[in-house]
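A look at the structure
Residues per chain are reported as follows:
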Amino acid sequence: MPGRTPRLAAPFLFYGIPVVNSSTFFTQRKAVFLLASLCCLLWGSAYPAIKNGYALFHIAANDIPSKLVFAGWRFLFAGLVLLVFAAVSKKPVLNLDRRTFGQVTLVGLTQTSLQYVFFYIGLAYATGVKSSIMNATGTFFSVLLAHYIYKNDRLSFNKMLGCVVGFAGVMVVNFSEGLLTFDFTLLGEGFVVIAAFVLSAASIYGKKVSQRVDSVVLTGWQLGIGGLALLLIGFATGGTLAGFTLKSTLLMVYLVVLSSAAFSLWTILLKYNRVSMITVFNFMVPIFGTALSAIFLDESFLEWKNGLALLLVCYGIWLVTKEEKLPGEAGVKP
């Protein structure tokens, strides 16, 4: 009606920050680059944080059950934090029908539980260097799976070249004499690759589920369910967690906040954008992990290979994204 003030769309709140239109905000190119990089920075910081956590909670290097208990508490609390936040924000936390809850449970048991079990077992039988490289194959799996699942996310020369260049960057940052020898075992490198595939497939399935479920609610439930499953597996196989002090508790709190923020942001980005546009940023995780490990674990970082690796990873990301139109841009349907 003439003279009537049009109503604006209800703002979306993320951790208390108002966003006028979530579908528009989370598809803006600058926002995508910033938020995806932030997620990778947070996950990169998890490497030194977890290593310090093992020391503070007195978890031996080969004590996989206790590591699963440690990860289980981390993800269970992260899920609970998100679910409480969603409930306070009046999101439909408990209004999931049986079919939808089953799908959310499947995401949690695969994306959080199954892939972490494979990863921790693989890490016990493979070197950290090779595990980091093998884990980066998840980006290739995501791009390949998206090609066959989504019509608007087909493979292109730039995508494949960008993945190869980014993977080369991950190899450079982990370069050592050990890379010059070929040594592949199913329980070691094989399980790390399986973990990467499980995570990629589960993330793509989670993208489908997120179209019907609020992203924060979905992330809260999948982290909570996945964390609970890890706890049960860890306790059942003899795992324990002791050594709670102020320092170790604060570290656990940081890991909980890190997980809830990074995983929920990543779920939202996958919901509104093409898989290949987002997953290529995963190549930045080992770069950030290396830099932050150097800072907090007194490890060497100022080497030529780290600068070259960063350039290769950034160039790979640019190749994948330079010709991509985001769903919110003209001529592209979400």
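Keep in mind the model is a prediction, meaning the values are calculated, not measured.

1. Topic: the overall build of the protein
- Of the regular secondary structure elements, the protein holds 13 helices and 2 strands.
- Among the 334 residues that make up the protein, the fraction classed as buried is 53%.
- Partitioning the intrachain contacts of the protein with sequence separation of at least 6 by distance along the chain shows that 86% fall at a separation of at least 24.
- Carbon and sulfur atoms make up 70% of the accessible area of the protein, which totals about 16,400 Å².

2. Comments concerning the pattern of salt bridges
- Taken as a whole and judged by the stated rule, the model has 1 salt bridge.
- In this structure, Lys91 and Asp214 form a salt bridge, with 3.3 Å as the shortest nitrogen-oxygen distance. In this pair, Lys91 is assigned in the loop between helix 3 (64-88) and helix 4 (98-125) and Asp214 in the loop between helix 8 (186-210) and helix 9 (215-236), connecting sequence segments 123 residues apart.
- We classify Asp214 as partly exposed; its relative accessible area is 22%.

3. Observations regarding helix 6 (residues 137-149)
- The end-to-end C-alpha distance of helix 6, which contains 13 residues, comes to 19 Å, matching closely the 18 Å that a straight helix rising 1.5 Å per residue would cover.
- Residues Thr137, Gly138, Thr139, Phe140, Ser142, Val143, Ala146 and His147 constitute the buried set of helix 6.

4. Notes on the environment of Asn273
- Residue placement: Asn273 occurs in the loop between helix 10 (246-272) and helix 11 (275-279).
- On the accessibility criterion, Asn273 (1% relative accessible area) is buried.
- Once the C-alpha coordinates of Asn273 and Gln28 are considered, the two residues, 245 residues apart in sequence, prove to be 9.7 Å apart.
- Within the structure, the side chain of Asn273 is placed 2.9 Å from the backbone oxygen of Leu269, a separation counted as a polar contact.

5. Here we look at the packing of aromatic side chains
- The final tally for this structure, using the stated rule, is 17 aromatic pairs.
- Between Trp73 and Phe77, the ring centres sit 5.5 Å apart and the planes meet at 20°, which makes this aromatic pair stacked. Linking Trp73 with Phe77, this pair stays in helix 3, spanning 4 residues, or about one helical turn.
- Accessibility expressed as a relative area gives 26% for Trp73, which makes it partly exposed.

6. A short note on the nonpolar core
- Counting residues in each nonpolar core, the largest one holds 76 residues, and the members touching the most others are Trp43, Phe70, Trp221, Trp266, Phe281 and Phe283.
- By residue number, the principal contributor to this core is helix 10, which donates 13 residues.
- Among all residues touching Phe281, those that are not within four sequence positions of it are Phe33, Ala36, Ser37, Cys40, Trp266 and Ile317.
- By size, the runner-up hydrophobic cluster in this structure holds 5 residues, among which are Phe118, Phe119, Val192 and Ala195.

7. Quick notes on the side chain of Ser259
- When you line up the elements, Ser259 lands in helix 10.
- Here Ser259 falls in the buried class, since its relative accessible area comes to 0%.
- Setting aside residues no more than four positions away along its own chain, Ser259 makes contact with Arg74, Phe75, Ala78, Leu223 and Ser264.

8. Comments concerning the state of the cysteines
- If you walk through the whole model with that rule in mind, you get 0 disulfides.
- Distance from the sulfur of Cys39, which forms no disulfide, to the nearest cysteine sulfur (Cys40) is 6.7 Å.
- Overall, Cys39 belongs to the buried group, its relative accessible area being 0%.

9. So, the confidence of the model for the protein
- Summary statistics for the protein give a mean pLDDT of 80 and a share of 80% for residues scoring 70 or more.
- Looking over the protein, one finds the lowest element-wise mean pLDDT in strand 2 (residues 17-19), namely 48, and the highest in helix 9, namely 95.
- Every residue in residues 1-11 scores below 50 in pLDDT, and together they form 4 contacts with partners more than four places removed in sequence or on other chains.
- Low pLDDT (under 50) marks residues 326-334, which in the prediction has 20 contacts with non-local residues, meaning those over four places away or in another chain.

10. What about the packing of helix 3 against helix 9?
- At a minimum axis separation of 7 Å, helix 3 and helix 9 run at an interaxial angle of 155°. Considering their axes alone, helix 3 and helix 9 lie roughly antiparallel with respect to each other. The two elements helix 3 and helix 9 meet at a crossing, and its hand is left-handed.
- Across the contact of helix 3 with helix 9, the residue classes break down as 21 nonpolar, 7 polar and no charged.

11. Some details on the environment of Pro48
- Structurally, Pro48 is set in helix 2 (residues 29-56).
- It is 5.2 Å that separates the C-alpha atoms of Pro48 and Ser293, two residues lying 245 residues apart in sequence.

12. A look at unusual backbone geometry
- Despite not being glycine, His58 shows a phi value in the positive range, around 60°.
- If you check the backbone angles, Lys90 has positive phi at about 65° while not being a glycine.
- In this structure, Lys90 sits in the loop between helix 3 and helix 4.

About the criteria used
Residues numbered from 1 in each chain as written. Predicted model: local features only at pLDDT ≥ 70, side-chain atom pairs only at ≥ 80, totals over all residues. Heavy atoms only, no water. Helix = DSSP H or I, 4+ residues; strand = E, 2+ residues; numbered from the N terminus. Buried < 20%, exposed > 50% of the residue type's maximum accessible area, 1.4 Å probe, protein only. Contact = heavy atoms within 4.5 Å. Areas by Shrake-Rupley, 256 points an atom, 1.4 Å probe, with all protein chains shown as cover. Salt bridge = Lys/Arg side-chain N within 4 Å of Asp/Glu carboxyl O. Expected span 1.5 Å × (residues − 1). Polar contact = N/O pair within 3.5 Å; in protein donor to acceptor, adjacent residues only side chain to side chain. Phe/Tyr/Trp six-rings, centres within 6.5 Å; stacked < 30°, edge-to-face > 60°. Core = buried A, V, L, I, M, F, W, Y, C linked by side-chain atoms within 4.5 Å. Disulfide = S-S within 2.5 Å. pLDDT = per-residue confidence, 0-100. Axes fitted to C-alpha atoms, helices over the stretch in contact; angles between N-to-C directions. Parallel < 35°, antiparallel > 145°, perpendicular 65-115°, else oblique. Left-handed = near helix turned anticlockwise from the far one by under 90°. Nonpolar A, V, L, I, M, F, W, Y, C, P; charged D, E, K, R; others polar.

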